[in-house]
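Structural characterization, general
Below are the chains, spelled out letter by letter.
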2 protein chains.
Amino acid sequence: MENVPSLQDLRDAHERIKPFVHRTPVFHSELIDQAAGTSVFFKCENLQKVGAFKMRGATNAVLCLSDAQRSSGVATHSSGNHAQALAKAAKIVGCQAFIVMPETAPKVKVNAVKAYGAEIIFCAPTLQAREDTLKEVQERTGAAFIHPFDDYRVIAGQATAALELMEEIKDLDIFMTPVGGGGLLAGTALAVHYLQPQSQVMAGEPSGADDAYRSLQTGEIQPSVNPDTIADGLLTSLSTKTFGIIKQYVSRIITVDDQEIKQAMRLLWERMKIVVEPSGAVPLAAVLQQPQLFAGKPIGIIISGGNVDLDQFSFR
Amino acid sequence: MENVPSLQDLRDAHERIKPFVHRTPVFHSELIDQAAGTSVFFKCENLQKVGAFKMRGATNAVLCLSDAQRSSGVATHSSGNHAQALAKAAKIVGCQAFIVMPETAPKVKVNAVKAYGAEIIFCAPTLQAREDTLKEVQERTGAAFIHPFDDYRVIAGQATAALELMEEIKDLDIFMTPVGGGGLLAGTALAVHYLQPQSQVMAGEPSGADDAYRSLQTGEIQPSVNPDTIADGLLTSLSTKTFGIIKQYVSRIITVDDQEIKQAMRLLWERMKIVVEPSGAVPLAAVLQQPQLFAGKPIGIIISGGNVDLDQFSFR
């Protein structure tokens, strides 16, 4: 897919992945509405396969490959949700996944990827080592590289969460996602632009990794420098493809600090009884920070994922 | 309701409460199936209003009152989920709730009950003080006492979770709930007895509060003596009405220790991304303890609630 996905591309992606991903539920809580001062509907991608929306994009990308391409497998570098998603998507279509991970990746994540039958190739924890190792793997195997977000097939896949949300809840005024590399935000922005152009698309971003905020302000990609936030899924910077879409169709990015993220996360756990990872709580944190922006405007939030390392939590 | 509820009573309860309670989703996880060695379907009453199945029984009981009775309000003694459920149910039908709570009740629970507009009457943390205070409240107000479980209206309400589960997932071989006072277990046992008598009903119970296990063994109610378990919703003993039903229709009670409960709870949080209170994880703990009993037999588990005090958990 060489061009920005069209509405038909998004719909094709949805038909393609439907048999392999969950149609996640949309949750709603009176108590959260009271706290937010408006109606908030949560599309629960934490309840998606592998616990994150990444399953949508990875599955679409793998299903777009030709049989010949599939026979050589797929490869990526990631220690996060995209790694698990690509491993699982490859398993579904019966092709081999090669995942480059830093030696420092948490064992629980390594084991999760292994459990889906992927081959893991460890590298030093630097960008250079990661890219070199990925190149080696591709040369050795001929595997197709599936980037976590700088790929229109992936972006079209991520857009399908918003398609489902719009089908289910009519007349949302504002759609929000978190933003890291920008795949979910770009996909959501496209879907809303095509189907509900009168609605706004916004994002929440950790202030400790505010490259997207700065990029939207300046109109040029500003890379993350030493990002530091509890929202470990949002450390990456935007890419050319995601920023190209975000620049056009996203009206605002709101930054929130880690304390605000933790409070929003706790509210979701406590009131909706669902496990949400810090990254997934970022948009709600933004809504709670700026109630005057949202008063009386129904909001749809895509909860990105629920992969929390529960070792962080302990019974006192 | 003077007699053990009939099938028609259960169906009437379901129609009565439907507009006021959630039809909770049924969740399923391939990874939990693998761990359990069979298919396990979870009826998620942690996603019910007030975060627990108790909403069903309390709502049915309140809706069964005459207008004259409602005008004097309802009363109960509880510091747990029944207190919140009765307060919320009373608010829905527009009658006053009076809740007797020990002075030692956690502030978060007191506040939750207050938020539903109930009047709280504190008492010393003894059974005698609780009963005396409740009697005083009833004499002062004329409120109708709604017992947390020794009440056929409440039992019929709790049975509706199993009605929904049977409608949604056909041919379950075994139904399981946790057991404390026995309202959910008795209701489930009745529903399964009437509609799927070829299936079995079992319960999980904490070994630190194993009165139901001992009662079923001996055929007579054995009270809890100094119960001690992390499953704080299961400290109470069976009552005449609940034991009468359980004795007839429950085939087995399996006891599990707190370590097993914590492991099952973590599995539910980690794999299904839902917040389950310790009591709600007890049936899964029993399945994981005795895989040979369940191999190849599809199980339906009612997850009783999700009200966990998150202050117990901390980021390291």
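Quick caveat, the model's predicted, so the values are computed rather than measured. (Residues numbered from 1 in each chain as written. Chains lettered and ligands numbered in written order. Predicted model: local features only at pLDDT ≥ 70, side-chain atom pairs only at ≥ 80, totals over all residues. Heavy atoms only, no water.)

1. Here we look at the interface of chain B and chain A
- On the chain A side, the residues contacting the 26 residues of chain B number 26 residues.
- Contact between chain B and chain A buries roughly 2,500 Å² in total, counting both sides, with carbon and sulfur atoms accounting for 59%.
- The interface formed by chain B and chain A contains two salt bridges.
- Two residues, K88 of chain B and E30 of chain A, come together in a salt bridge whose shortest N-O distance is 3.7 Å.
- With six residues, the top contributor of residues to the side of chain B that touches chain A is helix 12 (residues 258–272) of chain B. (Contact = heavy atoms within 4.5 Å. Buried area = accessible area lost by both parts, 1.4 Å probe. Salt bridge = Lys/Arg side-chain N within 4 Å of Asp/Glu carboxyl O. Helix = DSSP H or I, 4+ residues; strand = E, 2+ residues; numbered from the N terminus.)

2. Things to note about the relation of the copies chain B and chain A
- Once chain B is rotated about the relating axis by 180 degrees and shifted along it by 0.0 Å, it coincides with chain A to within an RMSD of 0.0 Å. Those values place the two copies in the arrangement expected of a two-fold rotation axis. In terms of proximity to the rotation axis, the leading residue of chain B is I274 of chain B, whose C-alpha is 2.1 Å off the axis. (Least-squares fit on C-alpha atoms with pLDDT ≥ 70 in both.)

3. What to know about helix 13 (residues 278–289) of chain B
Residues and elements named next belong to chain B.
- A rise of 1.5 Å per residue sets the reference length of helix 13, with its twelve residues, at 16 Å; its end C-alpha atoms lie 16 Å apart and thus fit the reference within 8%.
- Here helix 13 lies mainly inside the structure; ten of its twelve residues are buried.
- The complete set of buried residues in helix 13 reads P278, S279, G280, A281, V282, P283, L284, A285, A286 and V287. (Expected span 1.5 Å × (residues − 1). Buried < 20%, exposed > 50% of the residue type's maximum accessible area, 1.4 Å probe, protein only.)

4. Thoughts on the domain arrangement of chain A
All names here are of chain A.
- Domains assigned within chain A are domain 1 (7–52 + 152–312) and domain 2 (55–145).
- Taking the mean C-alpha position of each, domain 1 and domain 2 sit 24 Å from one another.
- In this complex, domain 1 contributes 24 residues to the contact, which on the side of domain 2 involves 17 residues.
- Of all residues in domain 1, the largest losses of buried area upon contact with domain 2 belong to F20, V50 and R153, amounting jointly to 38% of the total for that side.
- Taken together, the connections running from domain 1 to domain 2 amount to two salt bridges.
- We note a salt bridge from R56 to E45, for which the minimum N-O separation is 2.7 Å.
- Connecting domain 1 to domain 2 are nine residue pairs in polar contact (both at pLDDT 80 or more).
- Residue assignment for the side of domain 1 that touches domain 2 shows that the elements contributing at least two residues are helix 1 (7–17) and helix 8 (152–168).
- It is helix 8 that contributes the most residues to the side of domain 1 that touches domain 2, eight residues altogether.
- For the side of domain 1 that touches domain 2, the class distribution of residues is nine nonpolar, seven polar and eight charged. (Domains from an automatic or database assignment. Polar contact = N/O pair within 3.5 Å; in protein donor to acceptor, adjacent residues only side chain to side chain. Nonpolar A, V, L, I, M, F, W, Y, C, P; charged D, E, K, R; others polar.)

5. What about the packing of aromatic side chains?
- One pass over the structure, following the stated rule, counts one aromatic pair over all chains.
- A centroid spacing of 5.7 Å and a plane angle of 75 degrees characterise the contact between W269 of chain A and W269 of chain B, whose relative ring orientation is edge-to-face. Pair noted here: W269 of chain A is in helix 12 (residues 258–272) and W269 of chain B is in helix 12, and the two residues belong to different chains.
- Residue placement shows K241 of chain A over the ring face of Y152 of chain A; its charged tip is 5.5 Å from the ring centre. (Phe/Tyr/Trp six-rings, centres within 6.5 Å; stacked < 30°, edge-to-face > 60°. Lys NZ or Arg CZ within 6 Å of the ring centre and 35° of its normal.)

6. Points about unusual backbone geometry
All names here are of chain B.
- Even without a glycine there, the phi angle at N226 is positive, about 45 degrees.
- Following the sequence through the fold, N226 ends up in the loop between helix 10 (211–218) and helix 11 (240–249).
- Within the chain, K273 stands out as a residue other than glycine whose phi angle is a positive 60 degrees.
- Residue class for K273 comes out buried when judged on its relative accessible area of 8%.

7. Some remarks on the pairing of strand 8 (residues 200–206) of chain A
All names here are of chain A.
- Of all seven residues that make up strand 8, six are buried, and the element is covered over most of its length.
- Summarising the sheet, strand 7 (residues 174–178) and strand 8 pair through five bridges and their orientation is parallel. Directly across from M176, in strand 8, lies its bridge partner M202.
- For the crossover that starts at strand 7, traverses helix 9 (residues 183–195) and ends in the parallel strand 8, the hand is right-handed.
- Examined bridge by bridge, strand 8 and strand 9 (residues 252–256) share five bridges and lie parallel to one another. Following the sheet pairing, P206 is matched in strand 9 by V256. (Pairing = 2+ DSSP bridges. Right-handed = clockwise from strand over helix to strand, strands pointing away.)

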